[in-house]
Amino acid sequence: QVQLVESGGGLVQAGGSLRLSCAASGSTFSSYCMGWFRQAPGKEREFVAGIGWIYGNTRYADSVKGRFTISRDNAKNTVFLQMNSLKPEDTAVYYCAADISGRLSMSAYLYDSWGQGTQVTVSS
């Protein structure tokens, strides 16, 4: 079982930046991929970005391409989401997730483990 702990959320003005972290423990991650999802009030959870653990291949939602960057530090078992040029519509609870099969899917249903989430609020 993988344990995931997110940090780095907060309140920022539009145009600003935040960096989210996700510390993973409890397993070896050689075959995993890691994803960031977000959920705004009244909306479904949506894919933001994902990264393969070994090769670092990435995937992004169209809404964040060019603004967000996902990366990982294998030695620290940590995944990051650098968010730049933030917009009010980026406001949501952001979740880190792990897929043991490494499919780098955009579907939340294919992820096995989830963190507790961290709030990101972007003011206009």
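Structure's up top.
Residues numbered from 1 in each chain as written. Predicted model: local features only at pLDDT ≥ 70, side-chain atom pairs only at ≥ 80, totals over all residues. Heavy atoms only, no water.

Trainee: Explanation requested: the overall build of the protein in the structure shown.
Mentor: Across its full length, the protein holds 0 helices and 11 strands. Listing each helix as α and each strand as β along the protein from the N terminus yields β-β-β-β-β-β-β-β-β-β-β. Its C-alpha radius of gyration of 13 Å places the protein within 12% of the 14 Å reference for a compact globule of 124 residues. Taking the principal axes of the C-alpha coordinates as reference, the protein spans close to 40 × 30 × 25 Å. Residues classed as buried in the protein amount to 44% of the 124 residues present. Here the analysis covers contacts within the protein between residues at least 6 apart in sequence; of these, 58% occur between residues at least 24 apart. As presented, the protein carries roughly 6,200 Å² of accessible surface, and 48% of it is formed by carbon and sulfur atoms. One finds the centroid of the 11 positive side-chain charges in the protein at a distance of 4 Å from the centroid of its 9 negative side-chain charges. (Helix = DSSP H or I, 4+ residues; strand = E, 2+ residues; numbered from the N terminus. Rg over C-alpha atoms; globule rule 2.2 N^0.38 Å. Buried < 20%, exposed > 50% of the residue type's maximum accessible area, 1.4 Å probe, protein only. Contact = heavy atoms within 4.5 Å. Areas by Shrake-Rupley, 256 points an atom, 1.4 Å probe, with all protein chains shown as cover. Lys, Arg positive; Asp, Glu negative; His and termini not counted. Charge placed at Lys NZ, Arg CZ, Asp CG, Glu CD.)

Trainee: I tried to follow the state of the cysteines on my own but got confused; where do I start?
Mentor: A disulfide bridge is the covalent bond that connects two cysteines by way of their sulfur atoms. One pass over the structure, following the stated rule, counts 1 disulfide. The disulfide partner of C22 is C96, and the S-S distance across this bridge is 2.1 Å. Negative torsions about the S-S bond denote left-handed disulfides, and the value of about -80 degrees found for C22 with C96 makes this one left-handed. Of the two residues, C22 is situated in strand β3 (residues 18-25) and C96 in strand β9 (residues 92-99); the sequence distance between them amounts to 74 residues. Of the two residues, C22 and C96, both sit in the buried class. (Disulfide = S-S within 2.5 Å.)

Trainee: Can you help me understand the nonpolar core in this one?
Mentor: One recurring pattern in soluble globular proteins: nonpolar side chains tend to sit buried together. Judged by nonpolar contacts, the single largest core of 36 residues is most densely connected at M34, W36, L81, M83 and Y94. Every element with two or more residues in this core is listed here: β3, β4 (33-39), β5 (46-52), β7 (68-73), β8 (78-83), β9 and β11 (118-123). Sequence-distant contacts of Y94, that is, excluding residues within four places in its chain, are made with E6, L20, W36, F37, R38, V48, F68, L81, M83, G117, T118 and V120. (Core = buried A, V, L, I, M, F, W, Y, C linked by side-chain atoms within 4.5 Å.)

Trainee: Sorry if this is basic, but what is going on with the sheet that holds strand β1 (residues 3-7) here?
Mentor: Paired through backbone hydrogen bonds, the strands of a sheet run either parallel or antiparallel to each other. Strand order across the open sheet formed by 4 strands is β1-β3-β8-β7, with antiparallel pairing between neighbours. A single partner strand is all that each edge strand has here, and the edge strands are β1 and β7. Taken over all neighbouring pairs, the strand axes of this sheet differ in orientation by 15 degrees on average, direction set aside. Of the strand pairs in this sheet, β3 and β8 are connected by 6 bridges, and their pairing is antiparallel. Its bridge partner being in β8, S21 is matched across the sheet by F80. (Pairing = 2+ DSSP bridges. Axes fitted to C-alpha atoms, helices over the stretch in contact; angles between N-to-C directions.)

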